[in-house]
Amino acid sequence: MNSTEIKDLKSLLASPKKIVIVPHKNPDGDAIGSTVALYNFLKSKQHDAVVIAPNDYPEFLKWVPGQEDVLIFEKNTEKATQLISDAEVIFTLDFNHFSRTGMMEEVLAKTETTYVMIDHHQQPDNYAKFTYSDVSCSSTCEMVYNFIEMLDETDKISPEIASALYLGIMTDTGSFRFSSTTSKTHRVIANLIDKGAKNANIHQDTFDNSSYERMQLLGVALNNMKVFSYLLGLVLWFIRNPKKQGVVYNWLEYNF
């Protein structure tokens, strides 16, 4: 994003707007963290903002401050569609093509408004007027921090915003183990802790509160584990029985 685009975005956000923020289908920690953090930031600037997620997300992400205001499209289709239609600005976070939004794809594709994309995946589509795309970034949450920094408004990062951003960076970097974790990532994390993110609490709330369903999933995984020495690794076979197991499968992203 160049200096002219940043200046234009500052001007766009200088007065209250009706804003919709959208994550991808089956939202993970980075998608929820980035959208809720941006939501809290925009609300602090007096915007009429709402997060509309295509579908629901795991219970272990529902501690994030502000997530209780997220509107689920598949459960509130009529209301969500109207909000999208009325939006003056739509932010799309952690995805770069409308096909990643499931049932929302058709509604978004036919809505003519100002789109802002913030995403770190390859080959972004060209639907957005403002595109902030950086495949070298660890996560969309790190990019949202950078975005707020570009606006010269890091002073508005509250403990709630800091916690949501910390969540997304933590989960998308495998708790800071992946090669995408750079020195800049650690500097951002340090700043978020200084802004009020409680790192130990965030880790515990995300990873260490096992529900009955999560324990069921772990049991199925261990019971069906096969070891293939010639592959020098483990292959986990899962048996899914929706009638008996209310398993949230995107928990796997953070644990296996």
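To keep things clear, this report deals only with the structure shown in the data block. (Residues numbered from 1 in each chain as written. Predicted model: local features only at pLDDT ≥ 70, side-chain atom pairs only at ≥ 80, totals over all residues. Heavy atoms only, no water.)

### Observations concerning the overall build of the chain
Okay, step 1: When its secondary structure is counted, the chain shows 10 helices and eight strands.
Okay, step 2: With 256 residues in all, the chain has 48% of them scored as buried.
Okay, step 3: Partitioning the contacts of the chain with sequence separation of at least 6, the portion at a separation of at least 24 is 65%.
Okay, step 4: Roughly 12600 Å² of accessible area belongs to the chain as shown, and the carbon and sulfur atoms make up 49% of that amount. (Helix = DSSP H or I, 4+ residues; strand = E, 2+ residues; numbered from the N terminus. Buried < 20%, exposed > 50% of the residue type's maximum accessible area, 1.4 Å probe, protein only. Contact = heavy atoms within 4.5 Å. Areas by Shrake-Rupley, 256 points an atom, 1.4 Å probe, with all protein chains shown as cover.)

### Looking at the pattern of salt bridges
In a structure, side chains of opposite charge can pair up when their charged atoms sit close to one another.
Okay, step 1: Counted by the stated rule, this structure contains six salt bridges.
Okay, step 2: In this structure, Asp-152 and Lys-10 form a salt bridge, with 2.8 Å as the shortest nitrogen-oxygen distance. Residue Asp-152 is found in the loop between helix H5 (140-150) and helix H6 (159-172), and its partner Lys-10 is found in helix H1 (residues 3-12); the two are separated by 142 residues along the sequence.
Okay, step 3: Asp-152 sits in the exposed class, given a relative accessible area of 58%.
Okay, step 4: Given the relative accessible area of 33%, Lys-10 is considered partly exposed.
Okay, step 5: We note a salt bridge from Lys-75 to Asp-56, for which the minimum N-O separation is 3.3 Å. Here Lys-75 is found in the loop between strand S3 (71-72) and helix H3 (77-86), whereas its partner Asp-56 is found in the loop between strand S2 (48-53) and S3, with 19 residues between them in sequence.
Okay, step 6: The class of Lys-75 is exposed, set by a relative accessible area of 55%.
Okay, step 7: Because the salt bridges share partners, they merge into one network encompassing Asp-56, Glu-59, Lys-62 and Lys-75. (Salt bridge = Lys/Arg side-chain N within 4 Å of Asp/Glu carboxyl O.)

### Considering H5
Okay, step 1: Counting buried residues along H5, nine of its 11 residues qualify, which places the element largely inside the surrounding structure.
Okay, step 2: Three or more residues of H5 are buried, namely Thr-140, Cys-141, Glu-142, Met-143, Val-144, Tyr-145, Asn-146, Phe-147 and Ile-148.
Okay, step 3: At the C-terminal side of H5, Asp-152 shows a positive phi close to 60°.

### A short note on the packing of aromatic side chains
Okay, step 1: A complete count under the given rule lists five aromatic pairs for this structure.
Okay, step 2: Judged by centre distance (6.0 Å) and plane angle (75°), the ring pair of Phe-91 and Phe-147 falls under edge-to-face. Here Phe-147 lies in helix H5 and Phe-91 lies in strand S4 (residues 89-93), a separation of 56 residues in the sequence.
Okay, step 3: The class for Phe-91 is buried, based on a relative accessible area of 0%.
Okay, step 4: Centre to centre, the rings of Tyr-166 and Phe-176 are 5.8 Å apart; their planes meet at 75°, and the pair counts as edge-to-face. Taken together, the residues Tyr-166 in helix H6 and Phe-176 in the loop between H6 and helix H7 (183-194) connect sequence positions 10 residues apart.
Okay, step 5: Connected via pairs of aromatic rings, a cluster forms that spans Phe-98, Tyr-115 and Tyr-127. (Phe/Tyr/Trp six-rings, centres within 6.5 Å; stacked < 30°, edge-to-face > 60°.)

### Section: the nonpolar core
Okay, step 1: If you look at the biggest cluster of nonpolar residues, it comprises 51 residues, and the most contacted ones within it are Ile-21, Leu-42, Phe-91, Ile-118, Phe-147 and Leu-192.
Okay, step 2: Of the residues forming this core, the biggest block, eight residues, is contributed by H6.
Okay, step 3: Those residues in contact with Phe-91, other than ones at most four positions away along the chain, are Leu-13, Ile-19, Val-20, Ile-21, Val-22, Leu-38, Leu-42, Val-116, Ile-118 and Phe-147.
Okay, step 4: Counting 19 residues, the second largest nonpolar core, distinct from the first, contains Val-22, Phe-73, Ile-84 and Phe-95. (Core = buried A, V, L, I, M, F, W, Y, C linked by side-chain atoms within 4.5 Å.)

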